[in-house]
Each structure stands twice: as C-alpha cells, then as structure tokens.
Amino acid sequence: MPNPLTRSLQLAAVRKDATALTAVEAGSDRRVYTFRASDGDFDRYSDRLNVRGWRIDGYNANGVVLFNHDDGAQAALTGAEPPLPIGKGRVYVENDALMIDVEFDDEDDFARKVERKVAKGILNAVSVRYLMLPGQYRANDRGGFDCDAQELLEVSVVTIPGNARALRAKSLDGEGEDLVERIAKRVVELLEERESEENDKPDASDEQGEKPNTGDEPAAPNESKPDTGEPPSADAPKADDEDDKAKGLDAAQAAKVFVEAFKGYIRGSDKE
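Each chain carries its own residue numbering, running from 1 in the written order of its sequence. Per-residue local features are limited, in this predicted model, to residues with pLDDT of at least 70; the limit for side-chain atom pairs, both in listing and counting, is 80 or more; totals at the level of whole chains, interfaces and linings are taken over all residues. By convention in this description, side-chain values take in all heavy atoms of the structure and omit both hydrogens and water.

(A) Representation of the overall build of the protein chain in the model. Helix and strand assignments follow DSSP, with helices taken as H or I runs no shorter than four residues and strands as E runs no shorter than two, numbered in order from the N terminus. A tally of helices and strands in the protein chain yields eight helices and 12 strands. Here's how the labels work: a residue is buried when its accessible area is under 20% of the maximum for its type, exposed when over 50%, partly exposed in between, all with a 1.4 Å probe on protein chains only. Within the protein chain, buried positions represent 35% of all 272 residues. It only takes one pair of heavy atoms within 4.5 Å for two residues to be counted as in contact. Across the protein chain, contacts joining residues at least 24 apart in sequence account for 71% of those joining residues at least 6 apart. Exposure was quantified through the Shrake-Rupley algorithm and a 1.4 Å probe, taking into account, for residues, occlusion by the shown protein chains and nothing else. Working note: accessible area of the protein chain is about 17,500 Å², and carbon and sulfur atoms make up 50% of it.

(B) Looking closely at the sheet that holds strand E10 (residues 137–139). When DSSP finds two or more bridges between a pair of strands, those strands are recorded as paired. Ordered by their spatial adjacency, three strands build an open sheet running E4-E11-E10, and the pairing between neighbours is mixed. Only two strands of the sheet have a single partner each, and these edge strands are strand E4 (48–49) and E10. Sheet topology note: the E10/strand E11 (residues 145–147) ladder contains three bridges and is antiparallel. Along E11, the bridge assignment pairs alanine 139 with phenylalanine 145.

(C) Region of interest: the nonpolar core. Ranked by size, the top nonpolar core spans 27 residues in total, and within it Ile100 and Val157 carry the most contacts. Among the elements of the structure, strand E3 (31–39), strand E8 (97–104), helix H3 (109–120), strand E9 (125–132) and strand E12 (150–158) are those that each provide at least two residues to this core. When sequence neighbours within four positions are dropped, the list of residues in contact with valine 157 reads Val65, Leu66, Phe67, Asn68, Ile86, Phe104, Val114, Val118, Leu123, Ala125 and Val126. Think of a nonpolar core as a cluster: buried Ala, Val, Leu, Ile, Met, Phe, Trp, Tyr and Cys residues, connected wherever their side-chain atoms sit within 4.5 Å.

(D) Main features of unusual backbone geometry. Backbone geometry at serine 46 places phi at a positive 65°, although glycine is not the residue there. By the secondary structure assignment, serine 46 is in the loop between E3 and E4. For asparagine 68, which is not a glycine, the phi torsion comes out positive at approximately 55°. The topology assignment puts asparagine 68 in the loop between strand E6 (64–67) and helix H2 (73–78).

(E) Broad picture of a positive patch on the surface. Together, Lys113, Arg116, Lys117 and Lys120 make up a region of like positive charge exposed at the surface. Tracing the backbone shows lysine 117 in helix H3. Patch definition: residues above 30% relative accessible area lacking any salt bridge, with like charges linked at up to 9 Å and the nonpolar side chains Val, Leu, Ile, Met, Phe, Trp and Tyr linked at up to 5 Å. Put simply, a salt bridge is a Lys or Arg side-chain nitrogen that is within 4 Å of an Asp or Glu carboxyl oxygen. Neither His nor the chain termini are counted; the positive set is Lys and Arg, and the negative set is Asp and Glu. Charged groups are reduced to one reference atom each: NZ for lysine, CZ for arginine, CG for aspartic acid, CD for glutamic acid.

(F) Just H3, in detail. Taking 1.5 Å of rise per residue, the 12 residues of H3 would be expected to cover 16 Å, and the 17 Å separating its terminal C-alpha atoms lies within 8% of that figure. Restricting attention to buried positions, one finds in H3 the residues Ala111, Val114, Glu115 and Val118. Taken end-on, H3 shows its buried residues confined to a sector of 100°, consistent with a single buried face. Residues of H3 that are exposed and point more than 90 degrees away from the buried face comprise Asp109 and Lys120. In the core, the buried residues of H3 are packed alongside E3, E6, E8 and E12. Whenever two N or O atoms come within 3.5 Å, that pair is a polar contact, provided that in protein one can donate a hydrogen and the other can accept it, and provided that, for residues adjacent in sequence, both atoms are side-chain atoms. Of the residues flanking the start of H3, the one acting as N-cap is aspartate 108, its side-chain oxygen 3.2 Å from the backbone nitrogen of phenylalanine 110. To estimate how far a helix should extend, the number of its residues minus one is multiplied by 1.5 Å. In this description, one arc is meant: the one made by directions from the helix axis to the C-beta atoms.

(G) Structural context of the environment of tryptophan 54. Following the sequence through the fold, tryptophan 54 ends up in strand E5 (residues 54–55). Along the chain, tryptophan 54 and glutamate 151 lie 97 residues apart, while their C-alpha atoms are 5.9 Å from each other. Ignoring sequence-local partners within four residues, the contact set of tryptophan 54 consists of Ser38, Leu49, Leu98, Val128, Tyr130, Gln150, Glu151 and Leu152.

(H) View of the environment of asparagine 140. Its location among the elements puts asparagine 140 in the loop between E10 and E11. Counting along the chain gives 92 residues from asparagine 140 to arginine 48, while the straight-line C-alpha distance between them is 9.0 Å. Setting aside anything within four residues of it in sequence, one finds asparagine 140 in contact with Phe42, Ser46, Asp47, Phe145 and Asp146. At 2.8 Å, the side chain of asparagine 140 and the backbone oxygen of serine 46 are in polar contact.

(I) A look at the pairing of E8. Along E8, seven of the eight residues are buried, which leaves the element largely enclosed by surrounding structure. As defined by bridge partners, E3 adjoins E8 across six bridges and the pair is classed as antiparallel. Among the inter-strand pairings, phenylalanine 35 is bridged to a residue of E8, identified as isoleucine 100. In textbook terms, the turn of a hairpin is the stretch between consecutive antiparallel strands, and for strand E7 (residues 87–94) and E8 this stretch comprises two residues, one of which, asparagine 95, has a positive phi near 55°.

Following this line, the structure appears as structure tokens:
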C-alpha cells in the first residue's frame, strides 16, 4: 500500500499553481478575490488530481493563505522573524476545478502590498500544498502520480506559477471586467444597427404595387382560400405580428444576458 505523500514547501517542483480569476466585490468593506486553484488534468509535474477527491474540511476550518508557501520553516532555521499569513481563504469544488476565495488582511502592511499587486494583475497565481492519502495514489506512465483523493493543507499566492494552464488563462483575465463590458457595448451597437436596418427596409408591396389589367394578359388565378363566411380567429397569428417581434429586439436586454453568460464562461462556472 502506498505511504502518505506530502507535496511540501521543500519540494518546490511539486507545487500546484493556477491563475487568478476576477476580483469580486463582496459587500462594501470586503474585497474577495476568486482563484482557480487546481484542476484534474496533467500539470507540469505529470501529476493528476481528482477534483472530486479533494478533502477540504480541515483547510476551511483554518483557511490560512500564505505567500510563496513560506510557512516559517526557513525563519526557524535562521532565527529571522517568521512570516505570518497574508489572508484567509475558503475553498470549494465548482464544475471541473478547485476554487478559492481569498480575503487579504488589510491590517497587515505586507498583505496589503500583495493584494494591490493582485488587484493590478501583477500577481495572478495561487498554489496548493496537499497530502496524497494512503492507497489513493499510484504512479502513472508520465512519471508522476494519479491521485484519487488528497487533503488540502494550505494555499499560497505565488510569483511563478507551475501550472501551464495558468498562463493561458491569465491572458484572458488580464482584461477582466473591462473586456466583458467592451464586448457587451459592441454587441449593443451591432444589435441596434440590425434593428435600424430592419426598420429602414421598404415594404415589398410598396415597391411593386399592382399592375393594372389592360385586357391583354389573362387575369392571374385567384389562389386565396375561399371565404367560408367565418371571421378569422382572434388567436390566429398575423404576419405583421411576427415582423414586429423581429424588429422589437431589446438590444440592451440581449447584451445583459450576453454579459452574464460571458462572465460565467470566464470564471469556468457557466450556469447556462
């Protein structure tokens, strides 16, 4: 049976990192930043972690967030002042990822510096440290481990991410909410242009008109349905009603729906 395997601070090559997503304002006095901490695909160290296998109760009971996995071990050896946590975190599994909401300690000078760099997009990544549970991991053909269950020990904001997917997601997040708003504005413009074009189109009946019958041409056969003498049903759809619906597209509402869907896509939590 495999022994417990801890991915620790001393083993720098096994830190698991992922990129930050959008900062979320949670109330007037709280600033909460959401990060994608881990997923179930291969990382740079050839390990795969089962997203549904995360044991997170212990972490959420403590919830410390460190910087670069510095838990004071080196300070204990050198006699330096040990670093303190820079914030609190709450982790949860959402769709295909382990997510964390981070709130920085606004009474700590260093924590405020880290938060400012996160808010500016200078720091964009977090990293998890975890314990592979006995009997729940095995070597894979890439030289790493496939882990069915693992206990989360701590999460750090880091300077250099070790998850290649973090770098790809970072380019999307760099624009943040501004990118979504600009796209939405353009969507509104396109929808309004489309509506204007529809309204400006001439009616086909006005262009063609009716040709008078000179007697040289036979009258066109009457293809209309015979009059049964019954008045048309009030529930029957009218062609004009369909045109009105097409022309009456609410561009602002359509853009709002688009914005919410696109934000969900960026966060990897599209609920549509």
